[in-house]
Amino acid sequence: MRVSVIGGGTITDRERAVAEDVGRELGARGHTVVCGGRGGTMAAVCQGATAAGGTTIGILPGDRRDAANEYVDVPIATGLGHARNALVPLNGDGVIALSGSAGTLSEIGFAGIYGRPVVGLGTHEIDDLEIETVETPAEAVRVLEAAVSE
């Protein structure tokens with residue numbers, strides 16, 4: 001399964017640890033991580049996935065593949081800036097949303113438009129969208145696996 005992981009570009013040490021754990025869980029279970037390919041949550045989730053032998057895809061805002069973080073296996077340059085946020089949830093079978101701000105909110109919105117299940121771990125609560133809230137990275141992956149298989 002491909003899992004889009006979304007979250008902030010600037011994060012705390014605790015948020016970094018959570019994102020790495022999510023990546024590790026996904027990689028250990030054989031899932032491919034899709035993300036925005038830059039820093040913060042994106043780098044941390046890719047680092048965790050890579051450490052567990054997983055594959056990572058970074059959908060970049062700019063026109064240079066070499067702008068991806070060092071843990072991205074497949075960088076995809078878009079030249080779209082923030083409009084690339086539509087492509088991150090589109091390319092996953094489901095979404096794990098971590099802490100973030102406006103960009104994360106836009107990706108959650110696109111996930112809703114595309115009908116992708118969203119599991120939230122320390123992220124926004126949005127009344128009009130069904131976001132399953134969980135407490136741990138392992139639970140986030142398990143709940144998303146179940147939602148995608150329905």
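Heads up: the structure comes first, above all this text.
Bear in mind the structure is a predicted one, so any value in this text is a computation, not a measurement. Residue numbers restart at each chain and count upward from 1, following the sequence in its written direction. Under the rules for a predicted model, residues below a pLDDT of 70 receive no local features and side-chain atom pairs below 80 are neither given nor counted, while totals for whole chains, interfaces and linings still include all residues. Hydrogen atoms and water are omitted, and side-chain values are computed over all heavy atoms in the structure.

Colleague: Help me get a handle on the overall build of the chain, residues and values and all.
Modeller: The helix count covers DSSP runs of H or I at least four residues long, the strand count covers runs of E at least two residues long, and both are numbered beginning at the N terminus. A count of helices and strands for the chain gives five helices and seven strands. Start at the N end of the chain and walk to the C end: the helices and strands fall as β-α-β-α-β-β-α-β-α-β-β-α. In this treatment the radius of gyration is a C-alpha quantity, and the globule benchmark scales as 2.2 Å times the residue count to the 0.38 power. Here the chain has a C-alpha radius of gyration of 13 Å; the compact-globule value for 150 residues is 15 Å, and the two agree. Each of the three principal axes of the chain carries a C-alpha extent, and together these read 35 × 30 × 30 Å. To sort residues, take the accessible area from a 1.4 Å probe on protein chains only and compare it with the maximum for the residue type: under 20% means buried, over 50% means exposed, and anything in between is partly exposed. Burial status across the chain gives 45% buried among its 150 residues. A total of about 7,000 Å² of accessible surface is found on the chain, and carbon and sulfur atoms cover 47% of it. Computed over 11 positive and 20 negative side-chain charges, the separation of the two mean positions in the chain equals 8 Å. The method behind every accessible area is Shrake-Rupley, applied with a 1.4 Å probe, and residues are considered shielded solely by the protein chains displayed. When charges are counted, Lys and Arg are positive and Asp and Glu negative, with His and the chain ends excluded. The location of each charge is read from NZ of Lys, CZ of Arg, CG of Asp or CD of Glu.

Colleague: If you had to explain the nonpolar core to someone new, which residues and values would you point to?
Modeller: By nonpolar core we mean a set of buried residues, namely Ala, Val, Leu, Ile, Met, Phe, Trp, Tyr and Cys, connected to one another through side-chain atoms within 4.5 Å. Within the largest apolar cluster, 25 residues are counted, with the highest numbers of intra-cluster contacts made by Val5, Val22, Leu26, Val45, Ile96 and Leu98. Sorting the residues of this core by element identifies strand E1 (2–6), helix H1 (13–28), strand E2 (32–35), helix H2 (41–51) and helix H5 (137–149) as the ones contributing at least two each. The greatest single-element share of this core, amounting to five residues, is contributed by H2. Whether two residues are in contact is decided by their heavy atoms, any of which lying within 4.5 Å being enough. Once residues within four sequence positions are removed from consideration, Val5 is found in contact with Val22, Leu26, Val33, Val34, Cys35, Thr41, Val45, Ile96 and Leu98. Counting residues in each nonpolar core, the second largest holds eleven residues, with Ile6, Ile59, Val95 and Ile108 among its members.

Colleague: So what's going on with the sheet that holds strand E7 (residues 131–133)? Which residues, and what values?
Modeller: For two strands to pair, DSSP has to find at least two bridges joining them. If you trace the seven strands from one edge of the open sheet to the other, you get E4-E3-E2-E1-E5-E6-E7, paired in parallel fashion. Strand pairing shows two members of the sheet lacking a second neighbour, strand E4 (74–77) and E7, which therefore form its edges. The average angle at which neighbouring strand axes cross in this sheet is 25°, direction not considered. As paired elements, strand E5 (residues 94–97) and strand E6 (residues 118–120) share three bridges and run parallel to each other. Residue pairing in the sheet places Ile96 in a bridge with Val119 of E6. Angular values range over 0 to 180 degrees, each being the angle between N-to-C directions of two axes fitted as lines to C-alpha atoms, with helices fitted over their stretch in contact. In this fold H1 packs onto E1, E2 and E5, with an angle of close to 180° to the strand it touches most, E1. Here helix H4 (residues 102–114) sits on the sheet and contacts E1, E5, E6 and E7; the angle it forms with E1, its principal contact strand, is near 145°.

Colleague: With reference to specific residues and values, describe the pattern of salt bridges.
Modeller: Whenever a carboxyl oxygen of Asp or Glu lies within 4 Å of a side-chain nitrogen of Lys or Arg, that contact is scored as a salt bridge. A complete count under the given rule lists four salt bridges for this structure. In this structure, the salt-bridge partner of Glu145 is Arg29, at a minimum N-O distance of 2.8 Å. Of this pair, Glu145 sits in helix H5 while Arg29 sits in the loop between H1 and E2; the two residues are 116 residues apart in sequence, bridging distant segments of the chain. Here Arg29 falls in the partly exposed class, since its relative accessible area comes to 35%. Through salt bridges that share partners, Glu25, Arg29 and Glu145 make up one connected network.

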